[in-house]
Each structure stands twice: as structure tokens, then as C-alpha cells.
Amino acid sequence: MNTEFKFDDFGFDGKLAIVDRSGNYEWVEPTITEVPSESCIWFELVGGNGVGDEDAREALREYLDNFAVSVPCDFRDGDDIVRAGTEAEAIRDRFLADNCSPFGGEA
């Protein structure tokens, strides 16, 4: 993981923030979104409502791009939608259980 940034829950169970060495932070929300126009289900971390220098917070939001994954999905096939959704949820769960390690790129 990038040593300039870390994830912290600040003692709030269920909340997560990405923090830099200077204490600037962005609250992070893991999201799973169906994107039929791109034939995928998208897992990403969305940052917002943070505190600190705006340029530093923008760098934190850009770093979150390392955590985006596209899971291919044929939206005409109900079984494939279930499969892709389950895969995206598993990626999210591994991220949260594995000390928030970056994985980047596409699945």
C-alpha cells in the first residue's frame, strides 16, 4: 500500500476514511454499481465530505482509483447478473477484510 496514505475508521464502526500523513482525509464509501451500457458491474471507493487542504483531498480521491474493479456482465442473462454481482460483493468483502489493500485494474 502507498505509505503516504492509509485507511482509518477513527473509531467509528462501519465508517472508513483515507488519510494522508498531514491528517487530511476523505470519508470513503465502497459502492457496487450496475453499468449496463459498459456490460459490467463496477466496484469502487467513492470519497467525499473530508477535512483538510483541498489539493491534498483531491490526491486522496485520485488514489482511490487504484481500488476500482470492473466485473464483466451480460445483462441479458439473469444468471450472469447474479454471478457478476456476487463477484463484485466478494471483491468488496476481501478489500474490507484484507486491511484495505489496493488491487487496481480490472478483474
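Refer to the structure printed above.
Analysis parameters
Every residue gets a number counted from 1 within its own chain, in the order that chain's sequence is written. Only residues with pLDDT of at least 70 are given local features in this predicted model, and only at 80 or more are side-chain atom pairs given and counted; all residues enter the totals for whole chains, interfaces and linings. Values reported for side chains reflect all heavy atoms of the structure, with hydrogen atoms and water molecules removed beforehand. Among buried residues, the Ala, Val, Leu, Ile, Met, Phe, Trp, Tyr and Cys ones that are joined through side-chain atoms within 4.5 Å form a nonpolar core. Three exposure classes are used, based on accessible area relative to the maximum for each residue type with a 1.4 Å probe and protein chains only: buried under 20%, partly exposed in between, and exposed over 50%. Strands are runs of DSSP state E lasting at least 2 residues, helices are runs of H or I lasting at least 4, and numbering of each runs from the N terminus. The span expected for a helix works out to 1.5 Å for each residue beyond the first. Our arc is simply the arc of the directions from the helix axis toward the C-beta atoms. Whenever two N or O atoms come within 3.5 Å, that pair is a polar contact, provided that in protein one can donate a hydrogen and the other can accept it, and provided that, for residues adjacent in sequence, both atoms are side-chain atoms. Method remark: on a 1 Å grid restricted to protein atoms, a set of points is classed as a cavity if a 1.4 Å probe fits but cannot get out and as a pocket if it is open with protein on both sides within 12 Å along at least five of seven lines; lining residues have an atom within 4 Å of a point. Grid points are joined across faces, edges and corners, and a volume is the space filled by probe spheres set on the points. The classification used treats Ala, Val, Leu, Ile, Met, Phe, Trp, Tyr, Cys and Pro as nonpolar, Asp, Glu, Lys and Arg as charged, and all other residues, Gly among them, as polar. For salt bridges, the criterion is a side-chain nitrogen of Lys or Arg within 4 Å of an Asp or Glu carboxyl oxygen.

Caption draft 1: Structural view of the nonpolar core. Counting 20 residues, the largest nonpolar core has Phe7, Ile18, Leu45, Leu64, Phe67 and Phe95 as its most contacted members. Of all the secondary structure elements, the ones that give two or more residues to this core are β1 (5-8), β2 (16-20), β4 (40-51), α1 (54-63), β5 (69-72) and α2 (78-97). Per-element tally for this core: the top contributor is α2, with four residues.

Caption draft 2: Quick look at the environment of asparagine 66. By secondary structure assignment, the location of asparagine 66 is in the loop between α1 and β5. As for asparagine 66 and glutamate 44, which are separated by 22 residues in sequence, their C-alpha atoms are 8.9 Å apart.

Caption draft 3: Structural context of unusual backbone geometry. Phi at serine 39 takes a positive value of approximately 55°, unusual for a residue other than glycine. Inspection of the secondary structure assignment puts serine 39 in the loop between β3 (25-35) and β4. Residue class for serine 39 comes out partly exposed when judged on its relative accessible area of 41%. Here asparagine 49, not a glycine, exhibits a phi torsion of approximately 60°, which is positive. Inspection of the secondary structure puts asparagine 49 in strand β4.

Caption draft 4: Main features of α2. Here α2 is 20 residues long and its end C-alpha atoms lie 29 Å apart, about the 28 Å a rise of 1.5 Å per residue gives. Those residues of α2 not exposed but buried are Asp80, Ala84, Gly85, Ala88, Ile91 and Phe95. One side of α2 carries all its buried residues, which in axial view fall inside an arc of 135°. Opposite the buried face of α2, by more than 90 degrees, sit the exposed residues Asp79, Val82, Arg94 and Ala97. Looking at where α2 begins, the residue whose side-chain oxygen comes 2.9 Å from the main-chain nitrogen of aspartate 79 is aspartate 77.

Caption draft 5: Layout of the layout of surface pockets. Counted as a void, the largest pocket has a volume near 160 Å³. Together, Gly14, Lys15, Leu16, Trp27, Val28, Glu29, Pro30 and Leu96 line the largest pocket. It is β3 that provides the largest number of residues to the lining of the largest pocket, a total of four residues. The residue makeup of the lining of the largest pocket, split by class, is five nonpolar, one polar and two charged.

Caption draft 6: Broad picture of the pattern of salt bridges. All told, the structure shown has nine salt bridges when counted by the stated rule. A salt bridge links glutamate 26 to arginine 57, with the nearest nitrogen and oxygen atoms 2.2 Å apart. On the criterion of sequence distance, the pair formed by glutamate 26 in strand β3 and arginine 57 in helix α1 is long-range, its members being 31 residues apart. Ionic pairing is found between arginine 92 and aspartate 93, a salt bridge with its closest N-O pair at 3.1 Å. Its relative accessible area of 25% is what places arginine 92 among the partly exposed residues.

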